[in-house]
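This is what each chain is made of:
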Amino acid sequence: QVQLVESGGGLVQAGRSLRLSCAASGSLFSITAMGWYRQTPGNLRVLVASDTSGGSTDYADSVKGRFTISRDKTKNTVYLQMNSLKPEDKAVYYCGADFRRGGSVFRSWGQGTQVTVSS
């Protein structure tokens, strides 16, 4: 199992920056990828940025050029640097980790952290 704890959300004005952190613990050797997702009321949780164990990253079109995902393996922590925030970035942000157990891949979620962007 993999446990995730997020931090760093809050209220910020449009155009400003926030950095989210996600600390992982547990079966870290089994993690194949980590990512940040966000969800707004009444909508599905969607991928914002991902980082695979092989080092490749991917971003939603809506955040390309503004958000950056990074991982500090020494701290078992993944970050999401969010710059030039827009009101439409308001959401609950979740950290997710894909991990292998047996012959299958599972996903663990953090508890979520609220990001609010005022115009």
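Please read all numbers here as calculations on a predicted model, not as lab measurements.

The subject of this paragraph is the packing of aromatic side chains. Geometry of an aromatic ring pair is reported as the spacing of the ring centres plus the angle between the planes. Tallied over the full model, the rule gives three aromatic pairs. Measuring from centroid to centroid gives 4.8 Å for Y37 and W109, while their planes differ by 75 degrees, and the two rings are edge-to-face. Of this pair, Y37 sits in strand β4 (residues 31-39) while W109 sits in strand β10 (residues 104-109), placing them 72 residues apart in sequence. Taking relative accessible area as the criterion, W109 reaches 33% and is therefore assigned partly exposed. Aromatic rings pair up to connect Y37, Y94 and W109 into one cluster. Directly above the ring of Y94 sits R45, whose terminal nitrogen or CZ lies 3.5 Å from the centroid. Over the face of the ring belonging to W109 we find R45, whose NZ or CZ atom lies 4.5 Å from the ring centre.

Now for the pattern of salt bridges. Counted under the stated rule, the structure contains five salt bridges. Residues R71 and D51 are paired through a salt bridge, measuring 2.9 Å at the closest nitrogen-oxygen approach. Here R71, found in strand β7 (residues 67-72), pairs with D51, found in strand β5 (residues 46-52); they are 20 residues apart in sequence, far enough to count as distant. R71 sits in the partly exposed class, given a relative accessible area of 25%. Between D98 and R107 there is a salt bridge, with the nearest N and O atoms lying 2.6 Å from each other. Given a relative accessible area of 16%, D98 falls into the buried group. Members of the salt-bridge network, linked through shared partners, are R38, R66 and D89.

Cut-offs and rules
- Residues numbered from 1 in each chain as written.
- Predicted model: local features only at pLDDT ≥ 70, side-chain atom pairs only at ≥ 80, totals over all residues.
- Heavy atoms only, no water.
- Phe/Tyr/Trp six-rings, centres within 6.5 Å; stacked < 30°, edge-to-face > 60°.
- Helix = DSSP H or I, 4+ residues; strand = E, 2+ residues; numbered from the N terminus.
- Buried < 20%, exposed > 50% of the residue type's maximum accessible area, 1.4 Å probe, protein only.
- Lys NZ or Arg CZ within 6 Å of the ring centre and 35° of its normal.
- Salt bridge = Lys/Arg side-chain N within 4 Å of Asp/Glu carboxyl O.

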